[in-house]
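Working through the structure, step by step
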Amino acid sequence: MNKINEKTDKVNYSKFSLTLLDWYDREARKMPWRIPPELTKRGIKNNPYKIWISEIMLQQTGVKTVQNYYLNFINKWPNVLKLNESNEDEILKEWSGLGYYRRALNLKKCAKIICENYEGKFPDSEKELLNLPGIGTYTAAAIISIAFNKPAIVIDGNIQRIVSRLFEIKEDIKKSNSIIHKNLKTIYSKKRPGDFAQATMDLGATICKPTNPKCNFCPVNKYCLAFKNNTYNFIPIKNNKLRKVSRKGFIFIGITYANKIILIKRPEKGLLAGTICPPTSDWKESEFPVPKPPFKGEWKTLNQSIFHSFTHFDLELKVMISMIKNYPNNVYLEPINKNTINSLPTVMKKSVAFGIESFFN
Ligand code: SF4
């Protein structure tokens, strides 16, 4: 039987939603269908029709693509009555390029039911919404919480990932829905359920990303067991496999006072042979080697690791960074910019981007 993760008692989550909403109040992404938090706090509500259209479009399509389609759609059919007056061909034409056309056909069917059975007003209960074509558990909960600001547990892939990490749930993600549900119930906001749902969506899209989440910048990292125990890159668990880090090491990012990054040529043999990148330590199995930075400096170790999978092993790299005054002649000095970072091998690119962002912010 699933239980709430036993470690939850080690963290006090009572202020979790306040902390997350405080961040959302400052950092909420602007979306054309969304009422910003400064207005929702004054009681201005999201429009159920707009939330419905956006959620249906977002079901299988990314936010960036959806925005333009959404604006064109709303421009053409600003409310459910207008949508009901349209015909399937017009809707399909507007939908062209978004794919999964059954979504568009269900919109038309749903608009008809809402106009005929509900006098053009969206029902405000999950039960009734679930009876409408194209509206499943997630979409119903999203409409109830975002459009009606009523408590509802909204769980999508982003939220599964965030909750799994916060509570360090080490069960296969496919089997952990009920434990995620129970844990989420202990932290969500009953006062601002709509903003809470949107805050978690924003957190998942911008900070708690699937790989290498930006934990150092995460507004809720003090509540996160995966961050505390350095397991955030292995959770959520997929296919019942807890990936093992088999090698560990350091990467040394030296910055000159002329704002150049110091690179070296790696040996001609071995992994990443002959590539130009920041110096690293050896990569040892199971434990970190003693760090020996190659240049004199005030080296600082960042408190978040970078993870990378090679074909034969997983690597955990700790990032050390320092300003450097003196360095040998045989190094390469490159400006700190996107071009330089993008020219590095992937694992170095991730490490340098993270190191520079953390060091200069
Ligand atoms: Fe996600 Fe890291 Fe924040 Fe935890 S601390 S919720 S893993 S971004």
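For the structure, see preceding data.
All residue numbers refer to position in the chain's written sequence, counted from 1. Totals for whole chains, interfaces and linings use every residue, but because this is a predicted model, local features are given only for residues with pLDDT of at least 70 and side-chain atom pairs only at 80 or more, for both listing and counting. Computation of side-chain values: all heavy atoms of the structure, hydrogens and water removed.

Quick word on the overall build of the chain
The following threshold applies: In DSSP terms, a helix is any run of H or I states spanning at least four residues, a strand is any run of E spanning at least two, and both are numbered starting from the N terminus. Throughout, a contact is declared for two residues whenever any of their heavy atoms are within 4.5 Å. Areas reported as accessible are Shrake-Rupley estimates using a 1.4 Å probe. Residue values count occlusion only from the protein chains shown. His is not counted, nor are the chain ends; Lys and Arg add positive charge and Asp and Glu add negative charge. Every charge is mapped onto a representative atom, which is NZ of Lys, CZ of Arg, CG of Asp or CD of Glu.
What the chain contains, in helices and strands, is 15 helices and 8 strands. With respect to the principal axes defined by its C-alpha atoms, the chain has extents near 80 × 45 × 40 Å. Of all intrachain contacts in the chain linking residues separated by at least 6 positions in sequence, the fraction that spans at least 24 positions is 69%. Element-wise, carbon and sulfur atoms account for 49% of the exposed surface of the chain, whose accessible area totals about 18800 Å². Between the mean site of the 57 positive side-chain charges and the mean site of the 32 negative ones, the chain shows a separation of 4 Å.

What about the side chain of Glu 55?
Which entries qualify depends on this criterion: Buried means the residue's accessible area, taken with a 1.4 Å probe over protein chains only, is under 20% of the maximum for its type, while exposed means over 50%, and partly exposed covers the values in between. We count a salt bridge whenever a side-chain nitrogen from Lys or Arg sits within 4 Å of a carboxyl oxygen from Asp or Glu.
Residue placement: Glu 55 occurs in helix H3 (residues 48-58). In this structure Glu 55 is buried but unpaired, with Arg 34 as the nearest side chain of opposite charge at 7.7 Å. Not counting the four nearest positions on each side in its chain, Glu 55 is found in contact with Tyr 138, Thr 139, Ala 142, Ile 146 and Met 201.

Let's talk about the pattern of salt bridges
Two side chains that carry opposite charge are able to pair once their charged atoms sit near each other. One pass over the structure, following the stated rule, counts 14 salt bridges. Close ionic contact of Glu 94 with Lys 76 constitutes a salt bridge, the shortest N to O distance being 3.4 Å. With Glu 94 in helix H6 (residues 88-95) and Lys 76 in helix H4 (residues 63-76), this pair connects stretches of sequence that are 18 residues apart. Put simply, Glu 168 and Lys 170 hold a salt bridge, and the shortest N to O gap is 4.0 Å. One salt-bridge network, held together by shared partners, links Asp 25, Lys 41, Arg 192 and Asp 195.

Thoughts on the packing of aromatic side chains
Test applied: Two rings belonging to Phe, Tyr or Trp (six-membered ring only in the last case) form a pair when the distance between their centres is within 6.5 Å. Interplanar angles under 30 degrees mark stacking, angles over 60 mark edge-to-face geometry, and anything in between is tilted. Charge over a ring is defined by NZ of Lys or CZ of Arg lying within 6 Å of the ring centre and within 35 degrees of the ring normal.
Across all of its chains, the model carries 21 aromatic pairs by this definition. The structure contains a cluster of three or more aromatic residues connected by ring pairs, namely Tyr 13, Phe 16, Phe 167, Tyr 188, Phe 196 and Tyr 223. The ring of Phe 313 is capped by Arg 247, whose NZ or CZ atom sits 4.1 Å from the centre of that ring. Geometry around Phe 288 places Lys 318 over its ring, the cationic atom sitting 4.8 Å from the centre.

Focus: the nonpolar core
Basically, it comes down to this: Among the buried residues, those of types Ala, Val, Leu, Ile, Met, Phe, Trp, Tyr and Cys that are joined through side-chain atoms within 4.5 Å form a nonpolar core.
By size, the foremost hydrophobic cluster in this structure holds 78 residues, and its most contacted members are Tyr 49, Trp 52, Ile 53, Phe 73 and Leu 83. With 8 residues, helix H9 (residues 137-148) is the largest single contributor of residues to this core. What Ile 53 contacts, discounting residues up to four positions off in sequence, is Tyr 70, Phe 73, Ile 74, Leu 83 and Leu 107. If you look at the next biggest cluster of nonpolar residues, it comprises 22 residues, including Ile 255, Leu 302, Ile 341 and Met 348.

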